[in-house]
Amino acid sequence: MTAHSPAAAHRGRSRRTVASFAAVSVLVAGAALTGCGQQRDPDVYTVMNSSTDESYHRWDAEAMARCGKQLGITIEQQSVPAAQVMTKALRMASSKSLPDIVQFDASEMPTFAEAGGLVDLRTLGLSTRDIPEGIVNFGSYKGTYYGAARSVNTLALFYNKDLLDQAGVEVPTTWDELRAAAEKLTQGNRYGLALSAGGAEDGVFQFTPFMWSNGGDETDLDSPQVVQALDYWKTLLKDGSLSKSTVNWTQADVNDQFMAGNAAMMINGPWQVETLNTKKSLHWEIAQIPVPKAGGDSVGPLGGAVLTVPNTGDERREKMAGQIVACLSSQREQLTYALNSWMVPANSKAAAVWRQRVPELDALADQVAAARSRTAKLGAGWSSVSLALQSAFQSALTGQSSEAALKRAQQRATSGN
């Protein structure tokens, strides 16, 4: 998956501004209470997603054609850039022309759900059997299952096997080992490690494994555990193992540096695999992200999108939309989609088959098993925390103390400004 691929939905790279809850409530409530504002063909259903990339658009079209044939209907795909999905959905809600299904970034879904804009998928007959609890939570808001994931992703440690072998460096599993390895691998214009600490969701996505694995929590940003995690990043920067440009890099930039040989290791996700494989001379492998102490759990963030059914008041269409979601997120379709996109199937049975088919990404499946949803605790409040953390990275990594930067971040997250 390249830097211009569909979505941010797949990698937590949202730079979008989430509309205020009040605005969402007004628009969504109007759509739900008055029903659909236009007559629709009873045999044609629409799915809005962010699959603007040619490959993803084609894979989704093929899946929709298979499900349409199975259900005896036509399913049309409407793809818009990831940053525009929420805005487009709100406009359509105000004009009472919402599509039958909307694929939201999982971090945005709670905003629409909190406003009463989505239908509980369980009432439409969808089951969460064979879906790990963390992934069910990923598509839920306040215990209600609104979004079905076809595939999920998280972050892992990618490393250049040749460079580690030449330096006699073992794959690190703890923070101390990662620091030592990164320092040894830093030579000339090559950094030992590359990661994104930019002022966008990319950086927050990449910080969560360090925060969560250290016992930190998004509800208490200035806790000692979160401060320690940010201090660890600062230590890597002070060692010279991270580039000073880290504060400006997106995850796509990180991948570019790794592929160019300017970094021996990187924190990144499976959406980069397609691009990595274009460089045949690059022998890369992956491992779980190192943890503070040996034996600890490496807890990363779940990334990806979820299929939702908007609450339009047309129960007949909502019921069929539920069947479409069930088909698109079925075990068979999940496996097909995951093998195409290098993501991990949400369904545990499909994931087991996926592990056998792509053993080189087995560590990623292990990382997903322990991963968490960013919005599980805060719901729509996650956006405030994310913005506060983004500002904290910029301050702490350019000179301010982590403690002061995170204290300000907690104040910003609480006050909402």
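See the structure printed just above.
Residues numbered from 1 in each chain as written. Predicted model: local features only at pLDDT ≥ 70, side-chain atom pairs only at ≥ 80, totals over all residues. Heavy atoms only, no water.

Section: the overall build of the chain
Phase 1 of the analysis: On a plain count of helices and strands, the chain comes out with 17 helices and 12 strands.
Phase 2 of the analysis: For a compact globule of 417 residues, the expected C-alpha radius of gyration is about 22 Å, and the chain comes in at 21 Å, within 12% of that figure.
Phase 3 of the analysis: Overall, the C-alpha framework of the chain stretches about 65 × 45 × 35 Å when taken along its three principal axes.
Phase 4 of the analysis: Counting the 417 residues in the chain, one finds 58% classified as buried.
Phase 5 of the analysis: Looking at the chain alone, contacts between residues at least 24 apart form 76% of all its contacts between residues at least 6 apart.
Phase 6 of the analysis: When the accessible surface of the chain is totalled, it reaches about 16200 Å², and 47% of it is carbon and sulfur.
Phase 7 of the analysis: With 38 positive and 41 negative side-chain charges, the chain shows a separation of 2 Å between the mean positions of the two kinds. (Helix = DSSP H or I, 4+ residues; strand = E, 2+ residues; numbered from the N terminus. Rg over C-alpha atoms; globule rule 2.2 N^0.38 Å. Buried < 20%, exposed > 50% of the residue type's maximum accessible area, 1.4 Å probe, protein only. Contact = heavy atoms within 4.5 Å. Areas by Shrake-Rupley, 256 points an atom, 1.4 Å probe, with all protein chains shown as cover. Lys, Arg positive; Asp, Glu negative; His and termini not counted. Charge placed at Lys NZ, Arg CZ, Asp CG, Glu CD.)

Observations regarding the sheet that holds strand 9 (residues 263–268)
Phase 1 of the analysis: Spatial ordering of the open sheet is given by 8-9-7-10, a layout of four strands whose pairing is mixed. Two strands lie at the open edges of the sheet, namely strand 8 (191–194) and strand 10 (284–287), each paired on one side alone. With direction set aside, neighbouring strand axes in the sheet form an average angle of 20 degrees.
Phase 2 of the analysis: Where strand 8 and strand 9 come together, three bridges link them in parallel fashion. Paired with Ala194 across the bridge in strand 9 is Met266. (Pairing = 2+ DSSP bridges. Axes fitted to C-alpha atoms, helices over the stretch in contact; angles between N-to-C directions.)

Considerations on the sheet that holds strand 3 (residues 101–105)
Phase 1 of the analysis: The four strands are arranged 2-1-3-11 in an open sheet whose pairing can be described as mixed. Looking along the sheet, the strands with just one partner apiece sit at the ends: strand 2 (74–79) and strand 11 (305–308). Ignoring strand direction, the axes of neighbouring strands in this sheet form an average angle of 20 degrees.
Phase 2 of the analysis: In this structure, strand 1 (residues 44–49) lies alongside strand 2, joined through six bridges in parallel fashion. Looking at strand 2, one finds that Met48 is bridged to Gln78.
Phase 3 of the analysis: Along the sheet face, helix 2 (residues 54–71) touches strand 1 and strand 2 and points at about 160 degrees away from the line of strand 2.
Phase 4 of the analysis: In the packing of helix 12 (residues 315–328) onto the sheet, contacts are made with strand 1, strand 2, strand 3 and strand 11, and the angle to strand 1 comes to roughly 60 degrees.

So, helix 2
Phase 1 of the analysis: Along its 18 residues, helix 2 runs 25 Å from first to last C-alpha, staying within 8% of the 26 Å computed at 1.5 Å per residue.
Phase 2 of the analysis: Taken residue by residue, helix 2 has Ser55, Tyr56, Trp59, Asp60, Ala63, Met64, Cys67 and Gly68 as its buried positions.
Phase 3 of the analysis: For helix 2, the side-chain oxygen to backbone nitrogen distance between the N-cap and Ser55 is 3.0 Å, and the N-cap itself is Asp53.
Phase 4 of the analysis: A positive phi of about 75 degrees marks Gly72, the residue just after helix 2. (Expected span 1.5 Å × (residues − 1). Polar contact = N/O pair within 3.5 Å; in protein donor to acceptor, adjacent residues only side chain to side chain.)

Some words on the packing of aromatic side chains
Phase 1 of the analysis: Taken as a whole and assessed by the stated rule, the structure comprises 12 aromatic pairs.
Phase 2 of the analysis: Here the aromatic rings of Phe205 and Trp271 are separated by 6.2 Å at their centres, their planes lie at 45 degrees, and the arrangement is tilted. Of the two residues, Phe205 sits in helix 8 (residues 201–213) while Trp271 sits in the loop between strand 9 and helix 11 (273–276), which places them 66 residues apart along the sequence.
Phase 3 of the analysis: Taking 5.4 Å as the distance between ring centres and 50 degrees as the angle between the ring planes, the aromatic pair formed by Trp233 and Phe393 counts as tilted. Residue Trp233 is found in helix 9 (residues 224–239), and its partner Phe393 is found in helix 16 (residues 382–396); the two are separated by 160 residues along the sequence. Just as Trp233 is buried, Phe393 falls in that class too.
Phase 4 of the analysis: Taken together, Trp175, Phe207, Phe210, Tyr232, Trp233 and Phe393 form an aromatic cluster joined through their ring pairs.
Phase 5 of the analysis: Above the ring of Tyr337, the side-chain terminus of Arg150 is found at 4.1 Å from the ring centroid. (Phe/Tyr/Trp six-rings, centres within 6.5 Å; stacked < 30°, edge-to-face > 60°. Lys NZ or Arg CZ within 6 Å of the ring centre and 35° of its normal.)

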